[in-house]
Structures are given as C-alpha cells and as structure tokens.
Amino acid sequence: MSPPSSVMVVLMRLALSGFLWLLLASAGSGCGPGRGYGKRRPPKKLTPLALKQYIPNVAEKTLGASGKYEGKITRNSERFKDLTPNYNPDIIFKDEENTNADRLMTQRCKDKLNSLAISVMNQWPGVKLRVTEGWDEDGHHSEESLHYEGRAVDITTSDRNKSKYGLLSRLAVEAGFDWVYYESKAHIHCSVKAENSVAAKSGGCFPGSSSVILADGRVKPVGDLEPGDQVLAADPEGNIVSSDFLMFMDRDTKIRRQFYVLETETPRRKLTLTAAHLVFITNNNNNNNNNTADGSDIKAVFASSVTPGQRIVVMDEDAHRLVAVTVTRIYVEEHEGSYAPVTSHGTILVDRVLVSCYAVVEDHALAHRAFAPYRLGRAFTSIIGVATESGGAHGDGLHWYPDVLFHIGTWLLDRDSFHPLGMLQS
C-alpha cells in the first residue's frame, strides 16, 4: 500500500472510531425509553422448537435455507478434499461404521457444530453435544440428502434426554446453522450452505453486466466504474441527482452467484441483484404507472422480500423523474462476477431502477449513517489533496470498512436484523 493510501486508511479508521465512540456514549447516557446500545445485551430468552418445526420456515434446499444439492461426495471425488475431520473433544461422535465418516464435514458445518458444542456445555454443565449422523458414504439417506456432501449432521445431547431436544434445536439456530429441523423425538437435523454456493456468500451486489448512467448521460457497466465517476442516483426527496462513486463495497470477478431478477412492463425494466440487497418500493397503490415517486413514499426492502404486484421505483423514459411501476415477474438467474458500488448519496440507478447501495440489514438510513465516517474521510482527504485509494483498489473481496461495520453490527444488533444470506461472516 502506498503512503497516501496508508494515510487514507488511518484517517478512515480514526473517523470510524470517533463515530462509534459517540454512538456508544450517547446510547449509554440516554435516560429515556429505548434500547441501550452502549451496553452488551442481556442473554436472549431462548424459545425451544416444537417437534417437526424447522427454521427458517422454508424447504431445506432452497436459497433462503441451505441451498441446492450439489452432488454426492465419495472418497474418490475431487471434492473429498473439501471435507475436514472434526476431532473436537467436546463432541461425541457415534460413528457406527467405525470409519470416522461422521467426523467428516465442510468447514462451515464444522464451525457451526463447534460453536453449538460450547452452547450445549454452557446450557447444561456436564452434558456434551452428540452427533449420530454426519457425512454419509453408504447411501443410508434419501436421494439428494445434504449428508452426502458433509453439509448436514443429526444431533442429540450426550445424556439422550429428549426433554432437552427442543432447546437444543434453538441452540443450533443460534449457533448459525442455515437450516435446523426438529425432525423426530430421536434427533435434530441441521445443515449448512455450500462453501462455494451463492447462498453461502454474504452481502448484496449486481452482476458486472448491469449498467449505470453517468452524469453526462453515458451508460457504463457497473463493473467498469472508476474513481472520479459520477453516476445518477436519488436524494432523500426522490429527485434524480449525480453522485460520486466512492468504492466497491464488495467485488468478485469470478464466482458464479444466483441473482433475483425483478421485471416490470410499463415502462419495461429488468433489475438483477442478490437476495440480500436493498431495493426501494413505494407504498402508493395507485395503478397509474406514470405516478411520480417521491422520497416520503418509498422504503427499502430486501430484494428477496419483493413480490409481484408491488411497485418499485424506476427512471421514466425521458430520464427526468422517478416513477413507481408494478413488478410483474420475479425469477432467479446465475451470473459470473458481482459488484457492490457505493455512492456519496447511498443510492444508485442500476438498469434505470433506483436501489440502495447497501445490503444485509434492512435499514437503509442506518446503513447510510454508518458510512458517514468514510464519506467524511474521503471529503477531508480530497480537500487537503491527499490521494485516496481507488474505488476498487482493494481488489476482489470485501472492502475493509464494511467488513468492520459488519462485525460491529453483529455485536450491536440481533441476529434477526440481518438477512439470512448475509450471515456468513457472523
């Protein structure tokens, strides 16, 4: 990293530290009703799952849970190297086959299982977590079972006290398993997303083929944005404005991901973005598709929450104003590469549709405030003439600033505040 870039990072981190200190200090000194963010939350009351209940309340092999089946792994498979043995002494493995197969699992599954083992010992001193089924190489499970990929485990407690299993299921949810099913009175089934799947990737973004409009009217692929570019966005009142491109919050040029596609007809628009990204919808139910959208009437929601019949905000054909139009079709596509641009206004027009620059947490205003130190740092270094890192200079992967914010957010906010596909880093 060059010296000017080092200065930039130091200034950003100082600004971030100051911002968080003020946030925590003000929350800790508040005397009215409301949540005290300056203090660690008291232990959360855990509600046991009921028999046959599963969380999240969708099918296991769907995007909102553990994702699609990717094929059976055998000892001769190239993917066998992706399985790692778990020799945690705080976990009892039944291992009926005496092959240690139950100990083999993906790294994500191992991490969640080890976390759960700690929770079990804390909840019931003297009791350990017990795994009855892990990776299956013998075909004992149903077709396309995630046990064949080392992504699923069946668990009990070491004392086999069935009265504990409802709470054990809840502890598994809190440990971060992507799908937990209180399957029978004999065990709980837990599974995770694939390491390289879209479902296992956090954040929100757009494929590189999506386009933005520059301030001078030229159209540019989102993946080609550069420092100094000004793009069309919207201010809080719903006016179309030009906004500075600041950085790529996240960038990946190679991995294939699944994207939600939202389509409208009048005017025809097609927006492609990840499930955890925020898109603006309007509360106005007027069926007139030429209805102007203003800032007081729109809110940001996860792309995966949008349903046909809801109205998103798009640029009209004359590029003069924002209008609310009805979503007529939603489906999923796969694309290679993904980009998450951030502008000074926190909004951007992608494929002529207004979207937030933020993802994972369904609160656009909170996310934009959290990026205030970064915007101030960029403005300050610009004034004093210090060169800043380019918008994508950090290369592929998550930029350090949102990475820090995410980890702080997991401490300050409830797990339910995050989109389920945005919790890989938690």
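Residues numbered from 1 in each chain as written. Predicted model: local features only at pLDDT ≥ 70, side-chain atom pairs only at ≥ 80, totals over all residues. Heavy atoms only, no water.

Helix and strand content of the protein chain: 6 helices and 20 strands. Excluding contacts between residues fewer than 6 apart, the proportion of contacts in the protein chain whose partners are at least 24 apart in sequence is 67%. For the protein chain, the exposed area adds up to about 19,400 Å²; of that, 51% sits on carbon and sulfur atoms. (Helix = DSSP H or I, 4+ residues; strand = E, 2+ residues; numbered from the N terminus. Contact = heavy atoms within 4.5 Å. Areas by Shrake-Rupley, 256 points an atom, 1.4 Å probe, with all protein chains shown as cover.)

As a further point, take the packing of aromatic side chains. One pass over the structure, following the stated rule, counts 10 aromatic pairs. Pairing Tyr54 with Tyr181 gives two aromatic rings, centres 5.7 Å apart and planes at 80°, and the pair type is edge-to-face. With Tyr54 in strand 1 (residues 54-55) and Tyr181 in strand 7 (residues 179-184), the pair connects residues that are 127 residues apart, well separated along the chain. What makes Tyr54 partly exposed here is its relative accessible area of 31%. Assessed through its relative accessible area of 17%, Tyr181 is described here as buried. An aromatic cluster of at least three residues, connected via ring pairs, comprises Tyr358, Phe371, Tyr374, Trp400 and Tyr401. Sitting over the face of the ring of Tyr148, Lys72 holds its NZ or CZ atom 4.9 Å from the ring centroid. (Phe/Tyr/Trp six-rings, centres within 6.5 Å; stacked < 30°, edge-to-face > 60°. Buried < 20%, exposed > 50% of the residue type's maximum accessible area, 1.4 Å probe, protein only. Lys NZ or Arg CZ within 6 Å of the ring centre and 35° of its normal.)

Moving on: the sheet that holds strand 3 (residues 91-93). Pairing is mixed in the open sheet, where 6 strands are placed in the order 1-7-8-6-5-3. In this open sheet, the two strands that pair with only one neighbour each are strand 1 and strand 3. Strand direction decides the pairing type here: strand 3 and strand 5 (residues 129-133), joined by 3 bridges, are parallel. By the bridge assignment for strand 5, Phe93 is matched with Val131. (Pairing = 2+ DSSP bridges.)

Residues Leu225, Leu271, Val279 and Phe371 are the most contacted members of the largest nonpolar core, which totals 53 residues. Excluding residues that lie within four positions of it along the chain, Phe371 makes contacts with Met247, Met249, Val342, Tyr358, Tyr401, Pro402 and Leu405. (Core = buried A, V, L, I, M, F, W, Y, C linked by side-chain atoms within 4.5 Å.)

Moving on, we come to the pairing of strand 11 (residues 230-234). Counted residue by residue, strand 11 has 4 buried out of 5 residues, so it is predominantly covered. Between strand 11 and strand 12 (residues 240-265), which pair antiparallel and follow one another directly, the connecting turn spans 5 residues, one of which, Gly238, has a positive phi of 90°.

Quick look at the side chain of Thr282 now. By the element assignment, Thr282 lies in strand 14 (residues 277-282). The buried category is assigned to Thr282, whose relative accessible area is 7%. Residues within four places of Thr282 in sequence aside, it is in contact with Asp297, Ile298, Arg311 and Ala324.

Let us look at the pattern of salt bridges. Considering all chains together, one arrives at 15 salt bridges under this definition. Between Glu333 and Lys270 there is a salt bridge; the shortest N-O distance is 3.4 Å. You can see Glu333 sitting in strand 17 (residues 322-343) and its partner Lys270 sitting in strand 13 (residues 268-273), a full 63 residues away along the chain. For Lys270, a relative accessible area of 38% translates into the label partly exposed. A salt bridge links Asp316 to Arg321; its shortest N-O distance comes to 3.3 Å. Taking relative accessible area as the criterion, Arg321 reaches 31% and is therefore assigned partly exposed. Overlapping salt bridges, with partners in common, bring together Arg79, Glu149 and Arg151 in one network. (Salt bridge = Lys/Arg side-chain N within 4 Å of Asp/Glu carboxyl O.)

Within the secondary structure, Gly67 is located in the loop between strand 1 and strand 2 (84-85). Gly67 gets classed as buried once you look at its relative accessible area, which sits at 7%. Distance in space between the C-alpha atoms of Gly67 and Lys193 is 5.7 Å, their sequence separation being 126 residues.

Here we take up unusual backbone geometry. With an omega of -5°, the peptide bond running from Ile55 to Pro56 counts as cis. Among the secondary structure elements, Pro56 is positioned in the loop between strand 1 and strand 2. Of note, the phi angle at Asn100 is positive, near 65°, even though the residue is not glycine. Here Asn100 shows up in the loop between strand 3 and strand 4 (104-105). Judged by its relative accessible area of 33%, Asn100 is partly exposed.

Honestly, it's all geometry; don't read function into it.
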